[in-house]
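Survey of secondary and tertiary structure
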Amino acid sequence: MHVTDDRGRRVKLLSHRKLGVLPGIPSPIPMDARHRMYAERQEVQWSRDVLISIVIGLLFLFLWATMCVIFAPRMIHWVTAPPLFKGLLMGVLPSLPLPLLIYFMIRAGRHRIARIIIKHGFCAVCGYALTGLDPADDRCTICPECGSAWRLPTLMNK
């Protein structure tokens, strides 16, 4: 899973295994911080923002399918193709935006997870503790281990 850091560079997000709350899994993040992050992630998972994006996406999908059902039978006569192809076209056309909707929802979830990790003072790529490091001129704290840049909350930099 990849995300973009605060300087726009594409970086690989810390794996879910290293973010796990199970005691046997080695992680650079201490167990108490992992428990707090996991609880916060569970709260965010069904927060209002996520539900609103799901409802808007499903509404868009419903409107798209309705338009396809209304207009496609009128336009399908113009297509000179076998009936099997026309049937496939009528079945696939309403569901075309669904993969795009799923992609954007997963992408938003990844960025949310990265923000939760950063909010607790750790690098979202390698799990290095970023508290106490001085930020650069653009307010980004650069991780000394992996080189990714993150904007930490102002209280953590002091």
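Let's shift gears to a nonpolar patch on the surface. Together, L59, F62 and L63 line one region of the surface with nonpolar side chains, adding up to about 320 Å² of accessible area. Here F62 shows up in helix 2 (residues 48–75). The exposure class assigned to F62 is exposed, which follows from its relative accessible area of 55%.

Ranked by internal contacts, the top residues of the largest apolar core, which has 21 residues, are L13, M37, I117, C123, A124 and W150. For this core, the elements supplying multiple residues, two or more each, are helix 1 (31–45) and helix 4 (97–119). When residues of this core are assigned to their parent elements, the largest contribution, five residues, is made by helix 4.

Another point: the environment of R7. Inspection of the secondary structure assignment puts R7 in the loop between strand 1 (2–4) and strand 2 (10–12). Residue classification places R7 among the partly exposed residues on the basis of a relative accessible area of 43%. Put simply, R7 and A149 are 142 residues apart on the chain and 6.2 Å apart in space, counted from C-alpha to C-alpha. Not counting chain neighbours up to four residues away, the residues in contact with R7 comprise A136, D138, C140, I142 and A149. Only 2.9 Å separates the side chain of R7 from the side chain of D138, close enough to count as a polar contact.

A turn of α-helix holds 3.6 residues, and therefore any two residues three or four places apart point the same way. The end-to-end C-alpha distance of helix 4 is 33 Å, a good match for the 33 Å that 23 residues give at a rise of 1.5 Å each. Buried within helix 4 are the following residues: P97, L101, G109, I113, A114, I116, I117 and I118. The positive-phi residue at the C-terminal boundary of helix 4 is G121, with phi of around 90°.

With that settled, the discussion passes to the pattern of salt bridges. In the structure shown here, the tally under the stated rule is two salt bridges. Its salt-bridge partner being R7, residue D138 comes within 2.9 Å of it at the nearest N-O pair. In this pair, D138 sits in the loop between helix 4 and strand 3 (141–142) while R7 sits in the loop between strand 1 and strand 2, placing the two residues 131 residues apart along the sequence. When its relative accessible area of 29% is taken as the criterion, D138 is described as partly exposed.

What counts and how
Residues numbered from 1 in each chain as written. Predicted model: local features only at pLDDT ≥ 70, side-chain atom pairs only at ≥ 80, totals over all residues. Heavy atoms only, no water. Patch = residues over 30% accessible without salt bridge, like charges linked within 9 Å, V, L, I, M, F, W, Y side chains within 5 Å. Areas by Shrake-Rupley, 256 points an atom, 1.4 Å probe, with all protein chains shown as cover. Salt bridge = Lys/Arg side-chain N within 4 Å of Asp/Glu carboxyl O. Helix = DSSP H or I, 4+ residues; strand = E, 2+ residues; numbered from the N terminus. Buried < 20%, exposed > 50% of the residue type's maximum accessible area, 1.4 Å probe, protein only. Core = buried A, V, L, I, M, F, W, Y, C linked by side-chain atoms within 4.5 Å. Contact = heavy atoms within 4.5 Å. Polar contact = N/O pair within 3.5 Å; in protein donor to acceptor, adjacent residues only side chain to side chain. Expected span 1.5 Å × (residues − 1).

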